Amino acid sequence: MRIHHVAGGLMMALALAGCQRTSSMDSVNTQQNLTPLEAQPIGTVSSSQLPDPTTDTTSQFPEKPTTDTAMATGTGTTGTGDAAAAGALDVKKEGMVGNWRVANGASSCDMFLTLTNLGSGSRGGTRGCAGELTSMGSWEVAGKQVILKDRNGNPIARLYKTADTRFDGSTNSGQPVSLSR
């Protein structure tokens, strides 16, 4: 019985010895020493007087975009769209969702289409595109036509399904556009 008491006391002493605080950790600096950035020279700043807002300043702003109602409703076609419209395949909105590779003239970029509602269409966007496609904000399906729209809801391109994973059409300025997966 004595050995059990001695062994128990020894175990208790060892356990308490492991819980002691060591002073070696007190001298460790855990704060990072960051050096401040040096000031950099900047370019010159220019200023000029703004025009009087009470005068007629409409000449300095571009014309409001006009929307062709036949094209906005999907009943009209432009340029290369005529040939594509004649042989276009049926389009299902759900089949458009996801990532697309875009060929626009000599450049290429990415397009992302979702089913999230945005105005009269669904939310969409581009990455790395040039020209009109940089302003893409939404899209919709009208009959056999896919209409890409800018952030204000104005059509910027029309596409037709030409294969299972390919759409061809053109932008409003006549540039050819192709989507593929």
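(A) Expanded view of the overall build of the protein. Helices and strands together make up the secondary structure of the protein, namely four helices and eight strands. Overall, the protein shows an N-to-C arrangement of helices and strands of α-α-α-α-β-β-β-β-β-β-β-β. A burial count over the protein gives 27% of its 181 residues as buried. Long-range contacts, defined here as pairs at least 24 residues apart, represent 36% of the contacts in the protein between residues at least 6 apart. For the protein, the computed accessible surface area is about 13,000 Å², with 56% contributed by carbon and sulfur atoms.

(B) Broad picture of the nonpolar core. Among the nonpolar cores identified, the biggest contains 19 residues, and Met96, Met111, Val146, Leu148, Phe167 and Leu179 are the most heavily contacted of them. Where this core is concerned, the elements lending two or more residues are strand E1 (98-104), strand E2 (107-118), strand E4 (136-142), strand E5 (145-150), strand E6 (155-163) and strand E8 (176-180).

(C) How the structure looks around the packing of aromatic side chains. For the coordinates displayed, the defined rule picks out one aromatic pair. On the basis of an interplanar angle of 85° and a centroid distance of 5.4 Å, the ring pair of Trp100 and Phe167 is categorised as edge-to-face. Here Trp100 is found in strand E1, whereas its partner Phe167 is found in strand E7 (residues 166-171), with 67 residues between them in sequence. The same class applies to Trp100 as to Phe167, namely buried. Directly above the aromatic system of Trp139 lies the positively charged group of Lys93, at a separation of 5.5 Å from the ring centroid. If you follow Arg181 out to its NZ or CZ, it ends over the ring of Trp100, 3.9 Å from the centre.

(D) How the structure looks around the side chain of Asp168. For Asp168, the location among the structural elements is in strand E7. With relative accessibility at 18%, the residue Asp168 sits in the buried group. For Asp168, the side chain forms a polar contact with the side chain of Arg166, separated by 3.1 Å.

(E) Molecular detail of the sheet that holds E4. As summarised here, the arrangement of the eight strands in space is E1-E2-E3-E4-E5-E6-E7-E8, forming a closed barrel in which the pairing is antiparallel. Sheet twist, expressed as the mean angle between neighbouring strand axes with direction ignored, is 30°. Inspection of the sheet shows E6 paired to E7 by six bridges, in the antiparallel sense. Each residue of the ladder has a partner; that of Lys161, found in E7, is Phe167.

(F) Representation of the state of the cysteines in the model. This model, assessed by the stated rule, comprises one disulfide. Through a disulfide, Cys109 is tied to Cys129; the S-S separation comes to 1.8 Å. Looking along the S-S bond of the Cys109-Cys129 disulfide, the torsion reads about 75°, which is the right-handed sense. Here Cys109, found in strand E2, pairs with Cys129, found in the loop between strand E3 (121-127) and E4; they are 20 residues apart in sequence, far enough to count as distant. Across the pair, Cys129 and Cys109 agree in class, each one buried.

(G) Summary view of a nonpolar patch on the surface. On the surface, Leu10, Met11 and Leu14 cluster together to form a nonpolar patch covering roughly 350 Å² of accessible area. Position of Leu14 among the secondary structure elements: in helix H1 (residues 2-18). Classification of Leu14 by relative accessible area gives exposed; the value is 57%.

Here is what the cut-offs are and how they apply
- Residues numbered from 1 in each chain as written.
- Predicted model: local features only at pLDDT ≥ 70, side-chain atom pairs only at ≥ 80, totals over all residues.
- Heavy atoms only, no water.
- Helix = DSSP H or I, 4+ residues; strand = E, 2+ residues; numbered from the N terminus.
- Buried < 20%, exposed > 50% of the residue type's maximum accessible area, 1.4 Å probe, protein only.
- Contact = heavy atoms within 4.5 Å.
- Areas by Shrake-Rupley, 256 points an atom, 1.4 Å probe, with all protein chains shown as cover.
- Core = buried A, V, L, I, M, F, W, Y, C linked by side-chain atoms within 4.5 Å.
- Phe/Tyr/Trp six-rings, centres within 6.5 Å; stacked < 30°, edge-to-face > 60°.
- Lys NZ or Arg CZ within 6 Å of the ring centre and 35° of its normal.
- Polar contact = N/O pair within 3.5 Å; in protein donor to acceptor, adjacent residues only side chain to side chain.
- Pairing = 2+ DSSP bridges.
- Axes fitted to C-alpha atoms, helices over the stretch in contact; angles between N-to-C directions.
- Disulfide = S-S within 2.5 Å.
- Patch = residues over 30% accessible without salt bridge, like charges linked within 9 Å, V, L, I, M, F, W, Y side chains within 5 Å.
- Salt bridge = Lys/Arg side-chain N within 4 Å of Asp/Glu carboxyl O.

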